[in-house]
Amino acid sequence: MKITEHIQAAQGKTLFSIEIIPPPKGTGIEDLYKNIDPLMEFKPPFIDVTTSREEYVYLEKGNGLVERKITRMRPGTLGICASIQYKYNVDTVPHVLCGGFTKEETEYLLVDCLYLGIDNVMALRGDAMKGENHYKATSGGHKYAGDLVAHIADIGHGKFLTDEERTSDHNKFCIGVAGYPEKHIEAPSMKYDLQRLKEKVDAGADYVVTQMFFDNQKYFQFVEEARAIGITVPIIPGIKPLATKSHLSMLPKTFKIDLPEELIKAVSSAKDNAAVRQVGIEWTVSQCKELLEFGVPVLHFYSMGKSENIQKIAKELF
Ligand code: FAD
């Protein structure tokens, strides 16, 4: 079932969902299941699975020589989606990236999605490779998420890279895209970034999931500005409970977001990480209560492989 159909079927009731990351290659899937199991009582209609970009590794060859190889540390997004879908009977949303994939590879991945009954996908550009300052489009790949959205929409309509025409009016894919309540780092202004978001929706995106934020005002303002320029699709807030002191510097650096002073103070004065986790839980519960009142379609939690705090938060809300 498509995400948009889940939202419609909920008739205004806010849904619970999570995003997970594949385990490092060589580890089993059991730990992932152990983290999903406790969250199933909140009946997520869908679970997102991230995709990681390829990266360079440097192998010592002796005699001071080093060989550079390219690898993907956490492959297996589609396999994980298929196994979760069939184990838990929930829909899964593989993240599909421009970076690191040619258009043909993307097309084959989407064909696999169709065979597996996966009809929701999240279309993303991806970041620069580790160690590179700027994002560079992969040779033969898409440059921006908007181009990827158009390609996915074409495939959903039966038009492949080698075809001239779409063969169906019905798009088999429901396409999600990313939105940034605090602006994407590379965008010269919020207005510019919102216009790019509008282009993704016009290209065929069916819903937006936001970058994490800790100040609801940023989300409310983002939704208002998006609606004002004609973005009418659901805008799902992405939620991350803060859990360690290191998050104070790591989250702003990685995700280019601000943390509210009140939250910084509470985390700074917490005596250890157990106390920080409690601060994170309390902050997220009150943040989500306000979002529920606002009538958000879904509360989408970035689990990053940890379910304990999300379970505590969800128990207060659902
Ligand atoms: P785009 O929409 O392409 O935008 C990138 C930048 O280019 C923006 O500054 C935008 O304003 C600008 N832009 C867009 N279109 C154009 C255009 N036509 N011309 C000029 N400028 C343009 N990363 C991963 O590697 N794996 C994941 O699984 C993953 N999941 C994510 C899930 C969510 C909900 C979010 C919010 C992010 C996720 N990311 C993931 C991170 C994402 O890949 C990065 O934030 C990336 O830098 C931008 O991706 P995008 O799809 O928003 O790009």
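Residues numbered from 1 in each chain as written. Predicted model: local features only at pLDDT ≥ 70, side-chain atom pairs only at ≥ 80, totals over all residues. Heavy atoms only, no water.

Peer 1: When you look at the sheet that holds strand S8 (residues 207-212) in this model, what are you seeing that I'm missing?
Peer 2: Pairing between the strands of a sheet comes from backbone hydrogen bonds, and it takes one of two forms, parallel or antiparallel. With parallel pairing, the eight strands of this closed barrel are ordered in space as S1-S2-S5-S6-S7-S8-S9-S10. Recorded for the sheet is a direction-independent mean angle of 30 degrees between the axes of neighbouring strands. Pairing analysis gives four bridges linking strand S6 (residues 120-124) to strand S7 (residues 174-179), with the strands arranged parallel. Residue pairing across strands places Ala123 opposite Val177, the latter belonging to S7. Lying over the sheet, helix H4 (residues 103-116) contacts strand S5 (91-97) and S6, oriented at roughly 175 degrees with respect to S5. The strands touched by helix H6 (residues 190-203) are S7 and S8; relative to S7, the strand with the most contacts, the crossing angle is about 175 degrees. (Pairing = 2+ DSSP bridges. Helix = DSSP H or I, 4+ residues; strand = E, 2+ residues; numbered from the N terminus. Axes fitted to C-alpha atoms, helices over the stretch in contact; angles between N-to-C directions. Contact = heavy atoms within 4.5 Å.)

Peer 1: Would you mind going over the site of the ligand with me for this structure?
Peer 2: Close to the ligand lie 24 residues; Thr51, Asp127, Tyr180, Asp193 and Lys200 are nearest. Taking Thr51, its main chain carries an N or O atom lying 2.7 Å from a nitrogen atom of the ligand. With respect to the ligand, the side chain of His95 contributes an N or O atom lying 2.8 Å from an oxygen atom. Looking at which element gives the most residues to the shell around the ligand, the answer is H6, with four residues. A per-class count over the shell around the ligand returns 11 nonpolar, six polar and seven charged. (Near = heavy atom within 4 Å. Polar contact = N/O pair within 3.5 Å; in protein donor to acceptor, adjacent residues only side chain to side chain. Nonpolar A, V, L, I, M, F, W, Y, C, P; charged D, E, K, R; others polar.)

Peer 1: It is not clear to me how helix H5 (residues 145-156) should be interpreted in this structure. Could you clarify?
Peer 2: Every α-helix winds through 3.6 residues per turn, so residues three or four apart in the chain are directed the same way. Over its 12 residues, H5 extends 16 Å from the first C-alpha to the last, a length consistent with the 16 Å expected when each residue adds 1.5 Å. Among the 12 residues of H5, 10 are classified as buried, and the element is accordingly described as predominantly covered. Here H5 has its buried residues at Ala145, Gly146, Leu148, Val149, His151, Ile152, Ala153, Asp154, Ile155 and Gly156. On its buried side, H5 packs onto S5, H4, S6, S7 and H6. (Expected span 1.5 Å × (residues − 1). Buried < 20%, exposed > 50% of the residue type's maximum accessible area, 1.4 Å probe, protein only.)

Peer 1: What should I look at first to understand the pairing of S8 in this one?
Peer 2: Looking along a regular strand, one sees side chains alternate from face to face of the sheet. Within S8, six of the six residues are buried, leaving the element largely enclosed by the surrounding structure. Note that S7 and S8 share four bridges and pair parallel. Residue pairing for S8: Gly176 is matched across the bridge by Tyr207. Handedness of the crossover joining S7 and S8 through H6: right-handed. Where S8 lies against strand S9 (residues 235-239), three bridges are found, and the strand directions are parallel. Paired with Val208 across the strands is Ile235, a residue of S9. A crossover connection joins S8 to the parallel S9 through helix H7 (residues 216-228); in handedness this β-α-β unit is right-handed. (Right-handed = clockwise from strand over helix to strand, strands pointing away.)

Peer 1: Before we go on, may I ask you to explain the packing of aromatic side chains in this structure?
Peer 2: How two aromatic rings sit relative to each other is set out by the distance from centre to centre and by the angle between their planes. As enumerated under the stated definition, the model contains eight aromatic pairs in all. Each ring, one from Tyr33 and one from Tyr88, has its centre 6.0 Å from the other, and the planes form 75 degrees; the classification is edge-to-face. One end of the pair, Tyr33, is in helix H2 (residues 30-36); the other, Tyr88, is in helix H3 (residues 77-88), with 55 residues separating them in the sequence. On the basis of relative accessible area, Tyr88 is assigned to the buried category, the value being 15%. Ring geometry for Phe213 versus Tyr219: centroids 5.3 Å apart, planes at 10 degrees, classification stacked. Each member of the pair Phe213 and Tyr219 is classed as buried. Among the aromatic residues, those joined into a cluster by ring pairs are Phe16, Phe42, Phe301 and Phe318. The ring centre of Tyr192 lies 4.4 Å from the NZ or CZ of Arg196, which sits over that ring. (Phe/Tyr/Trp six-rings, centres within 6.5 Å; stacked < 30°, edge-to-face > 60°. Lys NZ or Arg CZ within 6 Å of the ring centre and 35° of its normal.)

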